Amino acid sequence: ARLQQHIDDGDIPGVVAAVLRDGKLVYLEALGKLDLEKNLPMREDAIFRIYSMTREITSFAVLQQYEQGKFEFDDPIQKYLPQFADQRVLLDSESTDVNATRPRVGDITVAHLLTHTSGLGSRSSKLYTENKVREREITLDKMVSNAATIPLFQDPGTEFRYGIHATILGKLVEVWSGQDFESYLQEHVFKPLNMNSTMFWAEGENANRLAQLYRPSNGKFEPYQIETTPFTQRPALIEGGVGLLSSTMDFANFSQMILNRGTFNGQQLLQPATADLIFENA
C-alpha cells in the first residue's frame, strides 16, 4: 500500500519490490508502469539500470581474484597498470587546471580503489567531463589511460571521494584473470547466481523488459536519457562502475549470496573468511 501511495502521489512511475526472509522469497510485487508513454504495466521481471550498484558486483569479482592469490590489497596498482606510475596531484582539488600539479605522495593501492580513497574523481566531475575521461563510446583501456593522465584530486589514502574506482578495478580483473571483464562476470558471477537478466545492454526481448528512465519536470515525468549510447546498444565501454542492467530478483540472488557468506544454492563462490571482508570497515 505504501509503494502504491508513492505512485499515486507522483513520486515514482513504477516499482518492483522483493523481500527475502531466511533465504526464501516471501514477497514480490510489481506496481505502476514500466513505460508511461506506451502505457505498459510494470512487470516482476523488469530490467533496470542499476548504475552504481554495479560497483558491488565488481568488488565481489575483485575478492574472487584476491582469494586466488592474484594480488594483495596493499599492492600499488601501477604494478599491474603501469600508466599510473607517474600520476600527479592537483595543487587545488577544486581546480581544473591539469598543469597546476605537484608530485604524488604515495601510490594508489587496490585497497584505495575498493574504499574510494585513491584520489580519483567522479565521472561527472568538471575536471573529468572537460577532459572527456569517461564516455560510453570509448573502450575500457582508453578510459583507464585517460584516468591515468589526469591529475588526482588528492594524495592516495588521504580522503574519501566517490569516483571511478570500480571501473579501474574492472580493468584489474581483466589483468588478473586473463579474461575480458564481461566474460569474467558472466562465467564467475552471473551464471552461478542464476543472474540471467543482468547484462551491460539489453536487446531483443530483454529490451522490452527495460524500464523507461524518467525524471520529474513541472509535476510530471519526462523520459530521461543520461547516456549518449542507449542501453539497448552495446557500448564500447564495458565498465565496472555504472554499466550494468539487472532485475530485482537477480540482485536479490546476489545479495542473498553475500548474506550466505559467499554461498548460493550449494555453490561456494567465495570462502566465508573472504566474504566476511565485505562487512569490515576498512
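This one's a predicted model, so the numbers in the text were calculated from it and none came from an experiment. (Residues numbered from 1 in each chain as written. Predicted model: local features only at pLDDT ≥ 70, side-chain atom pairs only at ≥ 80, totals over all residues. Heavy atoms only, no water.)

Caption draft 1: Region of interest: the layout of surface pockets. Computed from the structure, the largest pocket encloses a volume of approximately 700 Å³. What lines the largest pocket is a set of 23 residues, among which Ser59, Leu114, Leu277, Ile278 and Glu280 lie closest to the centre. Among the elements of the structure, α2 (54–67), α3 (110–114), α6 (165–177) and α9 (248–259) are those that each provide at least two residues to the lining of the largest pocket. Residues belonging to the lining of the largest pocket are distributed by class as follows: 13 nonpolar, seven polar and three charged. Taken together, 17 residues make up the lining of the second largest pocket; nearest its centre are Gly14, Phe48, Ala211, Gln212 and Leu213. Here the lining of the second largest pocket takes three residues from strand β1 (residues 14–21), the largest share from any one element. Looking at the lining of the second largest pocket, its residues break down into 12 nonpolar, three polar and two charged. (1 Å grid on protein atoms, 1.4 Å probe; cavity = no way out; pocket = protein on both sides within 12 Å on 5 of 7 lines; lining within 4 Å. Points joined across faces, edges and corners; volume = space filled by probe spheres on them. Helix = DSSP H or I, 4+ residues; strand = E, 2+ residues; numbered from the N terminus. Nonpolar A, V, L, I, M, F, W, Y, C, P; charged D, E, K, R; others polar.)

Caption draft 2: Focus on the packing of aromatic side chains. Summed over the entire model, instances satisfying the criterion amount to 11 aromatic pairs. With a centroid separation of 6.3 Å and an interplanar angle of 55°, the aromatic rings of Phe181 and Phe200 are classed as tilted. Of this pair, Phe181 sits in helix α7 (residues 181–190) while Phe200 sits in the loop between α7 and α8 (205–208), and the two are 19 residues apart along the sequence. A single burial state applies to Phe181 and to Phe200, both of which are buried. Ring pairing ties together the aromatic residues Tyr66, Phe71, Phe73, Tyr80 and Trp176, which thus form one cluster. In this structure, Arg136 packs its charged tip against the face of Phe231, placed 4.1 Å from the ring centre. (Phe/Tyr/Trp six-rings, centres within 6.5 Å; stacked < 30°, edge-to-face > 60°. Buried < 20%, exposed > 50% of the residue type's maximum accessible area, 1.4 Å probe, protein only. Lys NZ or Arg CZ within 6 Å of the ring centre and 35° of its normal.)

Shape is all these values report; function is a separate question.
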